[in-house]
Amino acid sequence: MSEPSKFIFKSVLKALHYSGLAKAMAPVARGHGVIFMLHRVCPVEDAGFSPNRILKVTPKFLEHVITLVKRSGIDIISLDDVPARIKDKDNKRRFACFTLDDGYRDNIDHAYPVFKKHNVPFTIYLPTAFADGEGDLWWLVLQESILKADRIQTTIDGARRIFTTRTQKQKDTAFNDIYWWLRSQPEQEARRIVSGIAKDAGYDASPLCSDLVMTWDQARALAKDPLVTFGGHTCRHLALAKLPANEARREIAESIVRLERELGRPCHHFSYPYGDAGSAGVREFEFVTSLGLATAVTTRKGHVYAHHQDHMSALPRISLNGDYQDLRYVSVFLTGVPFVLWNALGRARSLLVGLKPAKAQSVENGKLAA
Ligand SMILES: [Zn+2]
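Quick caveat: nothing in here was measured; it's all calculated off a predicted structure.

### Some words on the coordination of the zinc ion
Piece 1. Within the protein, the atoms that donate to the zinc ion are Asp102 (OD), His233 (NE2) and His237 (NE2), at distances of 2.1 Å.
Piece 2. Counting along the primary sequence, the residues that act as donors to the zinc ion give the motif D-x130-H-x3-H. Highlighted residues: Asp102 in the loop between β5 (95-101) and α5 (106-117) and His237 in the loop between β9 (228-232) and α12 (245-263), separated in sequence by 135 residues. His237 carries the same exposure label as Asp102, and that label is buried.

### Some points on the nonpolar core
A general tendency of soluble globular proteins is for nonpolar side chains to be buried together.
Piece 1. Formed by 98 residues in total, the largest nonpolar core has its most connected members in Phe36, Phe98, Trp139 and Phe230.
Piece 2. When residues of this core are sorted by domain, at least three fall in each of domain 1 (31-133 + 214-335) and domain 2 (138-201).
Piece 3. Non-local contacts of Trp139, meaning those with residues more than four positions away in its chain, are made with Asn52, Leu55, Asp102, Tyr104, Phe130, Phe175, Tyr179, His237 and Tyr274.

### Description of helix α13 (residues 282-290)
Piece 1. Turning to α13, its buried residues are Glu284, Phe285, Phe287 and Val288. Buried residues of α13, viewed axially, fall in a sector of 155°; they line one side. In α13, the exposed positions angled more than 90 degrees off the buried face are occupied by Val282, Glu286 and Thr289.
Piece 2. Of the residues one or two after α13, Gly292 is the one with positive phi, at around 75°.

### Examining the packing of α12 against α13
Piece 1. At a minimum axis separation of 10 Å, α12 and α13 run at an interaxial angle of 45°. It follows from the interaxial angle that α12 and α13 lie oblique. Between α12 and α13 lies a crossing whose hand is right-handed. Listed contacts from α13 to Ala245, Ala248, Arg249 and Ile252 of α12 are Arg283, Glu284, Phe287, Val288 and Ser290.
Piece 2. Class assignment of the residues belonging to the contact of α12 with α13 gives a composition of five nonpolar, one polar and three charged.

### Notes on the packing of helix α11 (residues 216-223) against α12
Piece 1. Running from N to C, α11 and α12 point in directions that differ by 70°, and their axes come no closer than 9 Å. As the angle between them shows, α11 and α12 are arranged roughly perpendicular. Counted together, Trp216, Ala219 and Arg220 of α11 and Arg258, Leu259, Glu262 and Leu263 of α12 form the full contact between these two elements.
Piece 2. Considering only residue class, the contact of α11 with α12 consists of four nonpolar, no polar and three charged.

### Quick word on the packing of aromatic side chains
Piece 1. Counting across every chain of the model gives 17 aromatic pairs.
Piece 2. Both rings, one in Trp138 and one in Tyr179, keep their centres 5.4 Å apart while their planes meet at 20°; by these two values the pair is stacked. One end of the pair, Trp138, is in helix α7 (residues 138-148); the other, Tyr179, is in helix α8 (residues 168-183), with 41 residues separating them in the sequence.
Piece 3. The exposure class assigned to Trp138 is buried, which follows from its relative accessible area of 1%.
Piece 4. Aromatic side chains Phe333 and Phe339 sit 5.4 Å apart centroid to centroid with 40° between the ring planes, which places their arrangement in the tilted category.
Piece 5. Classification of Phe333 by relative accessible area gives buried; the value is 4%.

### Topic: the domain arrangement of the chain
Piece 1. The domain architecture assigned to the chain consists of domain 1 (31-133 + 214-335) and domain 2 (138-201).
Piece 2. One C-alpha centre belongs to domain 1, the other to domain 2, and the line joining them spans 28 Å.
Piece 3. With 17 residues of domain 1 at the interface, the matching set in domain 2 holds 18 residues.
Piece 4. Taken together, the two surfaces of domain 1 and domain 2 that pack against each other cover about 1500 Å², and 54% of this comes from carbon and sulfur.
Piece 5. Here domain 1 and domain 2 share one salt bridge between them.
Piece 6. The salt bridge partner of Asp276 is Arg183, with a shortest N-O separation of 3.3 Å.
Piece 7. Where domain 1 touches domain 2, the interface holds eleven residue pairs in polar contact (both at pLDDT 80 or more).

### Considering the pattern of salt bridges
Close approach of charged atoms allows side chains with opposite charge to pair.
Piece 1. In this structure the tally under the stated criterion is 20 salt bridges.
Piece 2. In this structure, Lys116 and Asp225 form a salt bridge, with 2.7 Å as the shortest nitrogen-oxygen distance. A residue pair is termed long-range when its members are at least 10 positions apart, and Lys116 in helix α5 and Asp225 in the loop between α11 and β9 qualify at 109 residues.
Piece 3. The partly exposed category is assigned to Lys116, whose relative accessible area is 44%.
Piece 4. The residue Asp326 makes a salt bridge to Arg328 at a minimum N-O spacing of 2.5 Å.
Piece 5. A relative accessible area of 27% means that Arg328 is categorised as partly exposed.

### Describing unusual backbone geometry
With glycine set apart, most residues show a phi of negative sign, and most peptide bonds adopt trans.
Piece 1. One non-glycine residue, Asp157, adopts positive backbone phi at about 50°.
Piece 2. Along the chain, Asp157 falls in the loop between β7 (151-156) and β8 (159-164).
Piece 3. A residue is classified by how much of its surface remains accessible, and Asp157, at 58% relative accessible area, is exposed.
Piece 4. With a phi close to 70°, Tyr274 is a non-glycine residue in the positive phi region.
Piece 5. Following the sequence through the fold, Tyr274 ends up in the loop between β10 (269-271) and α13.

Thresholds applied
Residues numbered from 1 in each chain as written. Predicted model: local features only at pLDDT ≥ 70, side-chain atom pairs only at ≥ 80, totals over all residues. Heavy atoms only, no water. Donors = N, O, S within 2.8 Å, 3.2 Å for Na, K, Ca; no water. Helix = DSSP H or I, 4+ residues; strand = E, 2+ residues; numbered from the N terminus. Buried < 20%, exposed > 50% of the residue type's maximum accessible area, 1.4 Å probe, protein only. Core = buried A, V, L, I, M, F, W, Y, C linked by side-chain atoms within 4.5 Å. Domains from an automatic or database assignment. Contact = heavy atoms within 4.5 Å. Arc of directions from axis to C-beta. Axes fitted to C-alpha atoms, helices over the stretch in contact; angles between N-to-C directions. Parallel < 35°, antiparallel > 145°, perpendicular 65-115°, else oblique. Left-handed = near helix turned anticlockwise from the far one by under 90°. Nonpolar A, V, L, I, M, F, W, Y, C, P; charged D, E, K, R; others polar. Phe/Tyr/Trp six-rings, centres within 6.5 Å; stacked < 30°, edge-to-face > 60°. Buried area = accessible area lost by both parts, 1.4 Å probe. Salt bridge = Lys/Arg side-chain N within 4 Å of Asp/Glu carboxyl O. Polar contact = N/O pair within 3.5 Å; in protein donor to acceptor, adjacent residues only side chain to side chain.

Here it is, written out as structure tokens:
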């Protein structure tokens, strides 16, 4: 999300909070439960150029969220219990789950002590190549390369682009332009481009994965605690919808088999890398269902409603995002109202775009991709 969009979204959240509208609309907007999505949990908040700070929250904020959820009368449950809970029409209590993607080691160092202290179950989705120390965390490689360089050059849509990256503003612009264009590209190609940028910048990305992500031994040790559940997150953390069908299915199936073998227990859960509509769609949801997994989560925003019992392979989540570390936002998220509005706007926008002539539509898409 761009800075202006973020500002507008935050203003809407504050307006919903202070006007009392979120509270008033909650009875019709909120679902049976929520699944929170986190990535990293680190005590120090990033200052300066750090576009991936959205993936980090502090342990203190996590603890405050847990306290808020409990105080709101919401049961915090294991992902294992979600399918039965959604089907249980007699249970009117709401539920919340905590999930963390990618298996960052700070989940052990900083998130686990908080979950343990509050006896809160949680799920970690671990890509197998990451636990092998061979993952390509290209979004961080791009950030570190831009941080290091005063100048970045790459080719975007066939045109050579040179970014001066001396100031934080210049670095932010370069990151946003390059990152969002890469997200629209075939992923192996995107990774090749980032690798070239890192090489030019003199940034050595080879130790990054093993520096940041837990090993299999660490995952095994953590998995001994009954509060902890591990789920699949593919082998190489590729956007599945961009892959040929057999490769996408293999990425899911092999990651589950490997997790079960390494951790010595069944794996019933899965998270789609990136998780947006361009990275996981109906084809991927059907793969997950055919593999007999109990749940799979996306990054589509929203509460979990009764109708999701027919869509257990495409569950929405709510991001606990580093840019939204404010309990006022979380209390509004718990009403469900912003997501109902967000999704209604998205549908309206799709309808409008769908009604435009083909030429106008392609121009708009071009602008969006840039
Ligand atoms: Zn991920």
